[in-house]
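Coordinate analysis (summary)
In case you want the letters, here they are:
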There are 2 protein chains.
Amino acid sequence: MKDVLASDRAWVGFDLGGTKMNAMLFNDEFEVRGRRRKKSRGSEGVEAGIERIVASIAKLLEEAQLPRESLGGIGIGCPGPLDLEEGVILEAPNLGWKNVPLKKSLEKEFGCPVFVCNDVDAGVYGEYRFGAADGARTALGVFPGTGIGGAMIYEGKIFRGKTGSCLEIGHVPVVPDGALCGCGRRGCLETIASRLALSAEIAKAAYRGQAPYILRVAGTDLANIRSGTIKESIDAGDKIVDEILRNGAQQLGLVLAGAVNLLAPDVIVLGGGLVEALPKLFLEEIGKALAKQVMPSFSKSYEVRIARLGDDAGAMGAAAWARHNVEA
Amino acid sequence: MKDVLASDRAWVGFDLGGTKMNAMLFNDEFEVRGRRRKKSRGSEGVEAGIERIVASIAKLLEEAQLPRESLGGIGIGCPGPLDLEEGVILEAPNLGWKNVPLKKSLEKEFGCPVFVCNDVDAGVYGEYRFGAADGARTALGVFPGTGIGGAMIYEGKIFRGKTGSCLEIGHVPVVPDGALCGCGRRGCLETIASRLALSAEIAKAAYRGQAPYILRVAGTDLANIRSGTIKESIDAGDKIVDEILRNGAQQLGLVLAGAVNLLAPDVIVLGGGLVEALPKLFLEEIGKALAKQVMPSFSKSYEVRIARLGDDAGAMGAAAWARHNVEA
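As a starting point, this report considers the structure included with it. For every chain, the first residue of the written sequence is number 1, and numbering continues from 1 onward in sequence order. A letter from A marks each chain and a number from 1 marks each ligand, given out in the order of writing. Totals for whole chains, interfaces and linings use all residues, but because this is a predicted model, local features are given only for residues with pLDDT of at least 70 and pairs of side-chain atoms are given and counted only at 80 or more. No hydrogens and no water enter the side-chain calculation; it runs on all heavy atoms of the structure.

Let us look at the relation of the copies chain B and chain A. We place the copies in one frame by least squares, fitting the C-alpha atoms of every residue whose pLDDT is at least 70 in both. Under the fitted operation, chain B is carried onto chain A by 0.0 Å of movement along the axis and a turn of 180°, and the coordinates agree to an RMSD of 0.0 Å. Each copy turns onto its partner about a two-fold axis. Only heavy atoms enter the contact rule, under which two residues are in contact if any of them lie within 4.5 Å. A share of 100% of interface residues in chain B that are also interface residues in chain A marks the association as one of identical surfaces.

A few words on the sheet that holds strand β13 (residues 303-306) of chain B. Strand pairing in a sheet relies on backbone hydrogen bonds. The paired strands run either parallel or antiparallel. Residue and element names in this part refer to chain B. Taken in spatial order, the five strands of this open sheet run β11-β10-β9-β12-β13, and their pairing is mixed. What marks the edges here is a single partner per strand, and that holds for β11 (157-158) and β13. Where helix α4 (residues 119-130) meets the sheet, its contacts fall on β9 (138-144), β10 (148-154), β11 and β12 (267-270), and the angle it forms with β10 comes to roughly 50°. Being paired, for any two strands, means DSSP has found at least two bridges between them. The way it works is that DSSP assigns letters per residue, a run of H or I at least four long becomes a helix, a run of E at least two long becomes a strand, and they are numbered from the N terminus. Angular values range over 0 to 180 degrees, each being the angle between N-to-C directions of two axes fitted as lines to C-alpha atoms, with helices fitted over their stretch in contact.

Another aspect to go through is the pattern of salt bridges. In the sections that follow, a salt bridge refers to a side-chain nitrogen of Lys or Arg positioned within 4 Å of a carboxyl oxygen of Asp or Glu. Applying the stated criterion across every chain yields a total of 44 salt bridges over all chains. A salt bridge links Glu109(A) to Arg68(A), with the shortest nitrogen-to-oxygen separation between them at 2.9 Å. Taken together, the residues Glu109(A) in helix α3 (residues 102-110) and Arg68(A) in the loop between α2 (46-63) and β4 (71-78) connect sequence positions 41 residues apart. For Asp312(B), the salt bridge identified is with Arg35(B), shortest N-O distance 2.6 Å. Within this pair, whereas Asp312(B) is found in the loop between β13 and α12 (313-327), its partner Arg35(B) is found in strand β3 (residues 32-39), the two being separated by 277 residues in sequence. Here Asp312(B) falls in the buried class, since its relative accessible area comes to 13%. One network of salt bridges, with partners in common, ties together Asp242(A), Arg246(A), Lys280(A), Glu284(A), Glu285(A) and Lys288(A). Residue exposure (1.4 Å probe, protein chains only): buried if accessible area is under 20% of the type maximum, exposed if over 50%, otherwise partly exposed.

Only the six-membered ring of Trp is used, alongside the rings of Phe and Tyr, when aromatic pairs are assigned; centres must lie within 6.5 Å, and planes under 30 degrees apart are stacked while those over 60 apart are edge-to-face, with the rest tilted. A complete count under the given rule lists 12 aromatic pairs over all chains for this structure. An angle of 35° between the planes, with centres 5.2 Å apart, marks the rings of Phe26(A) and Phe30(A) as tilted. An aromatic cluster is defined as three or more aromatic residues linked by ring pairs; in this entry it consists of Tyr154(A), Phe159(A), Tyr154(B) and Phe159(B). Lysine NZ or arginine CZ positioned within 6 Å of the ring centre and within 35 degrees of the ring normal marks a charge as sitting over the ring. In this structure, Lys103(B) packs its charged tip against the face of Phe115(B), placed 5.1 Å from the ring centre.

Attention now goes to the environment of Leu90(B). Looking at the element boundaries, Leu90(B) is found in strand β6 (residues 88-92). Not counting residues within four places of it along the chain, the set of residues in contact with Leu90(B) comprises Pro81(B), Leu82(B), Asp83(B), Trp97(B), Lys98(B) and Asn99(B).

Worth remembering: the numbers are spatial, not functional.
What follows is the structure, encoded as structure tokens:
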């Protein structure tokens, strides 16, 4: 009886990014029943933003010809910091939003349970449920981008701090009195190994005339030096870009080695645009750093894998996390 | 009915150290009903060792006039590496033992469930249940000694890797191509911040004539430079010893800052002989390092505390962990 009812349920996963939103609809077997992508347009304000989210979900249901009553739950991955219990976005600088009661708004609109979670947590949970870390006991996910996002799934659940997310691997201190980090401290891993930090290194090299391809296609504006450009410049023979990337990956690998010695994960998932553009480089350099510094007794206990779900990881993970919580 | 039965149960906690063993007997309210300490005498062999353990527990029961049937369970904290499922000590270099089926031997002898766990895990679980980390959501314990032991209690359970313990904070890499570590890698935290590493620094200072008190009472043999001697030399005015200790504590603090950014613990427990000899020094220097490198958003979420249970932490934790597992 329960199975018959359960199989009627639908689940929505929503990935609310600083620039894009991705909404996905699943049936109870987690087959994709629909998908909508939109620009987030955070600058239009909180009310307009919530309306866009609601409209996306409503449209998904309409297209799949499903009534709102069929919704088992909605999961929504958001940039932080968040109040996970109340489902509130406390502050999302990329959207320009503050104190957004997402859970309350969406529960009122759709009449089903809504679970707000951190966007990186959602992505790594997605890879754990459906992707590269499928079935791991302890999955550690690391996504270098503007910062370096991290998350861990431990015994089937997102590992959390008292009030919210944790696994802030980008903020492990590595350079004593190093460069200023976005968090306000100095010398965090992000200051030397995030895509932003590497882009800045590359822009300096371009300015000095050491990266001719970059100088030609992107100039010295680090906002133009994105993952695709970086890959192209390496392919085009900008040797210094290759070296900058390998050094960054090694630094990330050394911090990961420490994390492996602390957490003994069985799977490490690397993802994000830069890793997906240069998977071989990251696997090589991180593999070397891990081989050098992971304790011998842990050295055969883990695998490093590239994320498989791409941009869908967050929405898929958020939906599956909602269901996990509904059924818990 | 269940309560009446439950209150009859007794629990044994056993801390098997490289040099000493500590056995404690508890009633179901975890009041101490007996205690026995002995030398471990690992060199007498595995069989003699198991006999000593069995005899200690039997004597505890006899003295408390309790029949073996009253035992709810036995928990035993051991040096690793261990096979936690099978309850086997795979290798204990300090005892000279290999492949010791402790769980099987003790279950056969006493007819109750036996749980083997890592000694540091047991100690930190003890502090979590009865000591400095009482009731924490996430408790991170760090014990600098010959190495630097670490353990974490997360949501009421010992945090574990796939096959055994983890939280090997002593093996987080900190000095690129640094000194050789006992684990076989180079530059691990242990190589600069364990009591052994600090004793070696102090012995060098004594050799150079910079630590007169140490030179007088301990010479340059680092085996003689133990926690009590270190404290006395600082009190006696050996300034360089104070500086060596403060630097070591800062290095430990920086690695702890990274661990806080990863794990968001609410309580950090510092313990072991050296910390207990110099609690103020460790709290000061670790506090400074944490204030400098913990992310601002986590900076009010944790407390650093000194361990409270001393040498009983392991036996108390092992007994409580046995009961946790019996009731799970």
